[in-house]
Amino acid sequence: MITVLPTGITPADLVAVARGDAKVSLDPATVSSMAKSRAIVDRIEASGRPVYGVSTGFGALASTFIDPSRRAELQHALIRSHAAGIGAPMPREVVRAMMLLRLRSLALGHSGVRPELAQGLADLLNHDITPWVPEHGSLGASGDLAPLAHCALVLLGEGWVLASDGRRLDAADVLRDAGLTPLELAAKEGLALINGTDGMLGMLLLALEDARHLFAMADVTAALAIEAMLGSERPFMPELHAIRPHPGQAASAANMHKLLQNSRIMDSHRDDLAHAVQDAYSMRCAPQVAGAARDTLDFAAQVAARELISVVDNPVVLPDGRVESTGNFHGEPLAFAADFLAIAAAEVGSIAERRVDRLLDVTRSRDLPPFLSPDAGVNSGLMIAQYTAAGIVAENRRLAVPASADSLPTSGMQEDHVSMGWAATKKLRTVLDNLTSLLAVELLSAVRGLQLRAPLTPSPAGRVAIAAVAPFAGEPGPDVFLAPILEQARAVIAGRELRTGIETHVGDLL
């Protein structure tokens, strides 16, 4: 059970609800804080004073006064008109994250809405009701207006719900079956349900969780590949990274140095003068690239942490009774962070593919057979797996082009600069999914290389990796259907079992 406090939630809370199906409840202090904020809006509405979103229209219609008798209608009309997305539905975990974050923002007590709205979102989460949110519609400017409107519409008993089997259901039927009553909105409440960065922030927080794991796995696959190519662990010694004190670089180097210890393969050539004095950059500079990605991840996490304690709405209700318009819904901080992290993740995948290519090239792999096939010629080995990796690297380079550098004006030039943060965070998730595939190719290639070094025994990390991969990939030999093997290697990279198994032997990875 995740209890939403007036101070908000944590990133771990979000992951627990979005991916772990944790239940949600409102702390009594949250209910009290929201009620006080709502009382201020009620007094303003009764006074007849024009306030944006309470007694006026929205966007370019902000100067249009709305008669009190039509203000509830205004809020319902806002939700219906703004639920204008199109395209395939967003993943369930993204929509659950988005709803929890909107609940969190309302719970901070600056939106002037009744506690019933927050409870309504909690009810959807607790009954596993996921609104159908189309992938296109948000520009990341006045928040994620269209995606959040699709969520809010379900609260009203309208719109669509995403079924567990992917079908689209009518919200009215789903709410009735769950025993939930549609909400009737009061002044300002429709606007408060949609004027937030919750889709962007939800996708960024989930991406941070994934990137943190994948960057550690990148150290693992890099170390395995270097071991298979008879590389050196000397460039990863801590004293070499203390003189260039980037924290991510030091952490990545420490991981790789630890992973390459106690290897008969490494011992076999440590004093061999026939080997190159320096390894190629894709081997020797792995911590510099992966470490820079880690530092970028830390920056993005800092941005997300700030946003997670932010009041993102417009207008906002201040404790002294003022209701002020803000620009806090603009998604630029999240868009910049997501674009930067996408660039970093794309580079982690790019350097991994370079190591794969080196492993497969008989002129550079230090006595491994061509394409890691013991009978190359009749067999092609992992040749086309590297093609696949190269194609993914090319796609990630395209996806690394910043979305936040783009802007298209909307709403009659009222919203004349937008962040494109929804697009930035959405493509970041694609880059990370692609990185999972690239590391899977490197894992399979490195394991093949280690197997081909027999009878020399690999490092403890190498032995654990072989034990994880061999059951579905077998031993080097005649060509087999590779696609299902790559899919299972992807599952190994995405899962936590390989890392846990390696840490049992070498200690915790950073």
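What you see is a predicted model; the values in this text were computed from it and never measured.

Cut-offs applied
Residues numbered from 1 in each chain as written. Predicted model: local features only at pLDDT ≥ 70, side-chain atom pairs only at ≥ 80, totals over all residues. Heavy atoms only, no water. Helix = DSSP H or I, 4+ residues; strand = E, 2+ residues; numbered from the N terminus. Buried < 20%, exposed > 50% of the residue type's maximum accessible area, 1.4 Å probe, protein only. Contact = heavy atoms within 4.5 Å. Areas by Shrake-Rupley, 256 points an atom, 1.4 Å probe, with all protein chains shown as cover. Lys, Arg positive; Asp, Glu negative; His and termini not counted. Charge placed at Lys NZ, Arg CZ, Asp CG, Glu CD. Phe/Tyr/Trp six-rings, centres within 6.5 Å; stacked < 30°, edge-to-face > 60°. Lys NZ or Arg CZ within 6 Å of the ring centre and 35° of its normal. Expected span 1.5 Å × (residues − 1). Arc of directions from axis to C-beta. Polar contact = N/O pair within 3.5 Å; in protein donor to acceptor, adjacent residues only side chain to side chain. Pairing = 2+ DSSP bridges. Axes fitted to C-alpha atoms, helices over the stretch in contact; angles between N-to-C directions. Core = buried A, V, L, I, M, F, W, Y, C linked by side-chain atoms within 4.5 Å. Patch = residues over 30% accessible without salt bridge, like charges linked within 9 Å, V, L, I, M, F, W, Y side chains within 5 Å. Salt bridge = Lys/Arg side-chain N within 4 Å of Asp/Glu carboxyl O.

J.: Would you mind going over the overall build of the chain with me for this structure?
T.: When its secondary structure is counted, the chain shows 20 helices and nine strands. The principal-axis extents of the C-alpha atoms in the chain amount to approximately 85 × 50 × 40 Å. Each of the 510 residues in the chain was classed as buried or not, and the buried ones make up 56%. Taking the contacts inside the chain whose residues are at least 6 apart along the sequence as the reference set, 80% of them involve residues at least 24 apart. Accessible surface computed for the chain: about 20400 Å², of which carbon and sulfur atoms make up 57%. Charge centroids of the chain, computed over 44 positive and 57 negative side chains, lie 2 Å from each other.

J.: Would you mind going over the packing of aromatic side chains with me for this structure?
T.: The geometry of two aromatic rings is summed up by the distance between their centres and the angle between their planes. For the coordinates displayed, the defined rule picks out two aromatic pairs. Measuring from ring centre to ring centre gives 6.4 Å for W132 and W160, while their planes differ by 85°; the resulting arrangement is edge-to-face. In this pair, W132 is assigned in the loop between β4 (130-131) and β5 (134-136) and W160 in strand β6 (residues 160-162), connecting sequence segments 28 residues apart. Judged by relative accessible area, W160 falls into the partly exposed class, the value being 35%. Note that R168 overlies the ring of W132, its terminal NZ or CZ placed 5.0 Å from the centroid.

J.: Would you mind going over unusual backbone geometry with me for this structure?
T.: Following N314, the chain continues to P315 via a peptide bond in cis, the omega torsion being -5°. Its place among the elements puts P315 in the loop between α14 (286-308) and β8 (316-317). Here K188, not a glycine, exhibits a phi torsion of approximately 75°, which is positive. Along the chain, the position of K188 falls in the loop between α7 (171-178) and α8 (189-194). Judged by relative accessible area, K188 falls into the buried class, the value being 0%.

J.: It is not clear to me how helix α2 (residues 28-47) should be interpreted in this structure. Could you clarify?
T.: Along an α-helix, residues three or four positions apart point the same way, because every turn accommodates 3.6 residues. Compared with an ideal rise of 1.5 Å per residue, which puts 20 residues at 28 Å, α2 spans 29 Å between its outermost C-alpha atoms and is within 8% of the ideal. Turning to α2, its buried residues number three or more, namely T30, M34, S37, R38, I40, V41 and I44. Viewed along the axis of α2, the buried residues span an arc of 150°, placing them on a single side of the element. Away from its buried face, by an angle of more than 90 degrees, α2 presents the exposed residues P28, K36, R43 and A46. Those residues of α2 that are buried lie in contact with β1 (2-4), α4 (92-107), α5 (115-126), α8, β8 and β9 (323-324). At the N-terminal boundary of α2, the capping side chain belongs to D27, with an oxygen 2.9 Å from the backbone nitrogen of A29.

J.: Please explain the environment of D13 as it appears in this structure.
T.: Note on placement: D13 falls in helix α1 (residues 11-18). By relative accessible area, D13 is classed as buried at 17%. With residues near it in sequence (within four places) discarded, D13 still touches I2 and L100. Engagement of the side chain of D13 in a polar contact is seen with the backbone nitrogen of T10, the distance being 3.0 Å.

J.: Just to check I follow, could you spell out the environment of P6 for this structure?
T.: Here P6 shows up in the loop between β1 and α1. Taking C-alpha positions, P6 is 60 Å from H269, a pair spaced 263 residues apart along the chain. For P6, the residues in contact, after removing those within four places along its chain, are A29, T30, A107 and L108.

J.: What is the right way to look at the sheet that holds β6 in this model?
T.: Sheets are built from strands that pair by backbone hydrogen bonding, the pairs being arranged parallel or antiparallel. What the three strands build is an open sheet, ordered β4-β6-β7; its pairing is antiparallel. Two strands lie at the open edges of the sheet, namely β4 and β7 (168-170), each paired on one side alone. Note that β6 and β7 share three bridges and pair antiparallel. If you follow W160 over to β7, its bridge partner there is D170. α7 contacts β6 and β7 of the sheet and is inclined by roughly 70° relative to β7.

J.: When you look at the side chain of S105 in this model, what are you seeing that I'm missing?
T.: On the secondary structure map, S105 appears in helix α4. The residues touching S105, leaving out its near neighbours within four places in the chain, are S111 and V312.

J.: Which parts of the structure should I look at to understand the side chain of S459?
T.: Along the chain, the position of S459 falls in the loop between α17 (421-452) and α18 (460-473). Here the side chain of S459 touches L259 through a polar contact of 3.3 Å, landing on its backbone oxygen. If sequence neighbours within four positions are ignored, S459 has contacts with E227, L259, Q261, N262 and S263.

J.: Got a minute to help me understand the nonpolar core in this structure?
T.: Within soluble globular proteins, side chains that are nonpolar generally end up buried alongside one another. One finds L193, I194, F215 and L443 to be the most contacted residues of the largest nonpolar core, which totals 151 residues. Top contributing element to this core by residue count: helix α9 (residues 198-228), with 20 residues. The residues contacting L443, other than those within four sequence positions of it, are T221, L224, A465, V469, A489, V492, I493 and L498. Counting residues in hydrophobic clusters, the runner-up holds eight residues, among them V41, I44, V54 and A187.

J.: Looking at this model, I keep getting lost on a nonpolar patch on the surface. Mind explaining?
T.: A grouping of F299, F340 and I343 is seen on the molecular surface, where their side chains present a nonpolar patch of about 240 Å² in accessible area. Turning to its location among the elements, F299 is positioned in helix α14.

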